[in-house]
Amino acid sequence: MATPLLLLELLCFSMALAGGAALRLELAHVDANEHCTMEERVRRATERTHHRRLLHASTAAAAGGVAAPLRWSGKTQYIASYGIGDPPQPAEAVVDTGSDLVWTQCSTCRLPAAAAAGGGGCFPQNLPYYNFSLSRTARAVPCDDDDGALCGVAPETAGCARGGGSGDDACVVAASYGAGVALGVLGTDAFTFPSSSSVTLAFGCVSQTRISPGALTGASGIIGLGRGALSLNPKDSPFSTFYYLPLVGLAAGNATVALPAGAFDLREAAPKVWAGGALIDSGSPFTRLVDPAHRALTKELARQLRGSGSLVPPPAKLGGALELCVEAGDDGDSLAAAAVPSLVLRFDDGVGGGRELVIPAEKYWARVEASTWCMAVVSSASGNATLPTNETTIIGNFMQQDMRVLYDLANGLLSFQPANCSAV
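Residues numbered from 1 in each chain as written. Predicted model: local features only at pLDDT ≥ 70, side-chain atom pairs only at ≥ 80, totals over all residues. Heavy atoms only, no water.

Draft legend 1. Fine view of the overall build of the chain. The helix and strand inventory of the chain stands at 4 helices and 30 strands. Residues counted as buried form 54% of the 424 residues belonging to the chain. Of the roughly 17,100 Å² of accessible surface on the chain, a fraction of 54% belongs to carbon and sulfur atoms. (Helix = DSSP H or I, 4+ residues; strand = E, 2+ residues; numbered from the N terminus. Buried < 20%, exposed > 50% of the residue type's maximum accessible area, 1.4 Å probe, protein only. Areas by Shrake-Rupley, 256 points an atom, 1.4 Å probe, with all protein chains shown as cover.)

Draft legend 2. Expanded view of the nonpolar core. Counting residues in each nonpolar core, the largest one holds 43 residues, and the members touching the most others are Val340, Leu345, Tyr364 and Trp365. Broken down by element, this core gets its largest block of residues, 6 residues, from helix α3 (residues 291–308). Trp365 has contacts with Leu301, Leu305, Leu324, Cys325, Val326, Leu335, Val340, Trp373, Cys374, Met375, Ala376 and Phe398, leaving out every residue within four places of it along the chain. Counting residues in hydrophobic clusters, the runner-up holds 24 residues, among them Val102, Ala138, Phe203 and Ile223. (Core = buried A, V, L, I, M, F, W, Y, C linked by side-chain atoms within 4.5 Å. Contact = heavy atoms within 4.5 Å.)

Draft legend 3. Looking closely at the state of the cysteines. Enumeration according to the criterion identifies 4 disulfides in this entry. Across a sulfur-sulfur distance of 2.1 Å, Cys106 and Cys205 are joined as a disulfide pair. With Cys106 in the loop between β7 (103–105) and α2 (112–115) and Cys205 in strand β12 (residues 199–211), the pair connects residues that are 99 residues apart, well separated along the chain. Neither Cys106 nor Cys205 differs from the other in exposure class; each is buried. Disulfide pairing is shown between Cys325 and Cys374; the S-S distance is 2.0 Å. In this structure the cystine formed by Cys325 and Cys374 twists about its S-S bond by roughly 95°; its chirality is therefore right-handed. A residue pair is termed long-range when its members are at least 10 positions apart, and Cys325 in strand β22 (residues 325–327) and Cys374 in strand β26 (residues 372–375) qualify at 49 residues. Take Cys325 and Cys374: they sit in the same class, and that class is buried. (Disulfide = S-S within 2.5 Å.)

Draft legend 4. Summary view of the pairing of β12. Note: β7 against β12, 3 bridges, orientation parallel. The residue bridging Thr104 from the neighbouring strand is Cys205, located in β12. (Pairing = 2+ DSSP bridges.)

Draft legend 5. Up close: the sheet that holds β22. Read across the open sheet, the 4 strands follow the order β21-β22-β26-β25; overall the sheet is antiparallel. Each end of this open sheet is capped by a strand with a single partner; those strands are β21 (311–312) and β25 (365–367). Where α3 meets the sheet, it contacts β21, β22, β25 and β26, and its direction lies at approximately 145° from that of β26. (Axes fitted to C-alpha atoms, helices over the stretch in contact; angles between N-to-C directions.)

Draft legend 6. Summary view of the packing of aromatic side chains. Scanning all chains against the criterion turns up 10 aromatic pairs. An angle of 20° between the planes, with centres 5.7 Å apart, marks the rings of Tyr82 and Phe191 as stacked. You can see Tyr82 sitting in strand β5 (residues 78–84) and its partner Phe191 sitting in strand β11 (residues 180–192), a full 109 residues away along the chain. On the basis of relative accessibility, which here comes to 0%, the residue Phe191 falls in the buried class. One aromatic cluster in this structure is built from Tyr82, Tyr130, Phe132, Phe191, Phe193 and Phe203. (Phe/Tyr/Trp six-rings, centres within 6.5 Å; stacked < 30°, edge-to-face > 60°.)

Draft legend 7. Molecular detail of the side chain of Ser99. With respect to the helices and strands, Ser99 occurs in the loop between β6 (89–96) and β7. Its relative accessible area of 0% is what places Ser99 among the buried residues. Of the polar contacts made by the side chain of Ser99, one reaches the side chain of Asp96; its length is 2.8 Å. (Polar contact = N/O pair within 3.5 Å; in protein donor to acceptor, adjacent residues only side chain to side chain.)

Draft legend 8. A look at the pattern of salt bridges. Counting across every chain of the model gives 8 salt bridges. Across the pair Asp291 and Arg295 runs a salt bridge whose closest N-O atoms are separated by 2.8 Å. Remark: Arg295 and Asp291 occur in helix α3; sequence separation between them is 4 residues, near one turn of the helix. Its relative accessible area of 23% is what places Asp291 among the partly exposed residues. Across the salt bridge formed by Glu356 and Arg346, the nearest N and O atoms sit 3.0 Å from each other. (Salt bridge = Lys/Arg side-chain N within 4 Å of Asp/Glu carboxyl O.)

Draft legend 9. Geometry of the environment of Ala140. Its place among the elements puts Ala140 in strand β8 (residues 139–140). In this structure Ala140 comes out as partly exposed when scored by relative accessible area, which is 28%. Between the alpha carbons of Ala140 and Thr188 there is a distance of 6.4 Å; along the sequence they are 48 residues apart.

Draft legend 10. View of the sheet that holds strand β15 (residues 247–252). What the 4 strands build is an open sheet, ordered β16-β15-β23-β24; its pairing is antiparallel. Of all the strands in the sheet, just β16 (255–256) and β24 (354–359) have a single pairing partner and so form its edges. Here 5 bridges tie β15 to strand β23 (residues 343–348), and the two strands are oriented antiparallel to one another. The residue bridging Leu247 from the neighbouring strand is Phe347, located in β23. Seen against the sheet, α3 touches β15, β16 and β23 and runs at an angle of roughly 20° to β15.

Draft legend 11. Structural context of unusual backbone geometry. Here the residue pair Asp86 and Pro87 is connected by a cis peptide bond, since its omega of 0° sits within 30 degrees of zero. If you trace the backbone, Pro87 turns up in the loop between β5 and β6. Residues other than glycine seldom take positive phi values, yet Ala339 does so here, at roughly 70°. Structurally, Ala339 is set in the loop between α4 (333–337) and β23. The phi dihedral of Asp402 falls on the positive side, at around 50°, and the residue is not glycine.

Laid out in structure tokens, this is it:
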């Protein structure tokens, strides 16, 4: 029988983007070379989920198709490997569909110990810092550039720098995240992806970062795949960076979750500032549901699980971050024995019908102790979130495991197909 395919208007994660620039990415986790316990991974995922806010970043367009191998870090993020410059210098970056800027730390960085004595600082990374002066194809983008006006194309360009590491009169970039900020200058260089020819991209050559410890462990920077003008896959969109989905309802197994009318409606809170809605994001670990929907889902699941006798109090070490837990075995199959139902996401297909995406229990519940599992879905109002984040539903990467996701930018479509990523 053919594997079902869900198409939605508008990553296994083997992730592909089509239309304009085509990108196929095989993913790996940021913690792949570390030996974290499951409890540590869940704790870090929870912290990153609460740190996640509206992201801002920048990059230029690529022509043709590119492909990069990705690995799952073992924590909460996915990492892509590629080369920058001629000759290529190796780089690794967190893949993020919720931001636009492609950036890497550069040789002008100082490690934290040196930064304490004055000047900018950067976080340690697995690979050497990119050296602008060693590339034959590197170019600084001046403040008054005539080549597509790159310096003025996005709000992340923050003025001019004199005497920067890549030359005088360089265009400054400033990328702001919930976990911190990255500062540097805008440049262009050849990017080399496996199985493809090199392409010239605009990117941030970063010399100073203030990022929460562990947020980008081991990586060199971020590869932004949002919908902004400077993303690796730019596409004009009234909603700027994010990929919004027409989510309209939820079900826990066969039981529809009672939600307030318009729980996932998208609205313009201010000119070009959107609140509410539901978006998909490869850089957010756990899914965040708008608070009324989160409370309703928690209530329905608790009702079902009370009958099975599997409910247990959350472990104290989680600090209340995850609310609903069950006693089960040490693998995903044990969740079925504990009567944990699948989660059904219901979408409006735009033509008077609906589509459903079924999320298995082990893709939205996480094992936090040897035999204790907790629902890895949190409220968007948690973590001192403010507008518009506290009114927005975000489908995170934990829920996207073992899923092929195709972003068809040309036609405004998103498709999901279940897959066994361990066999890819």
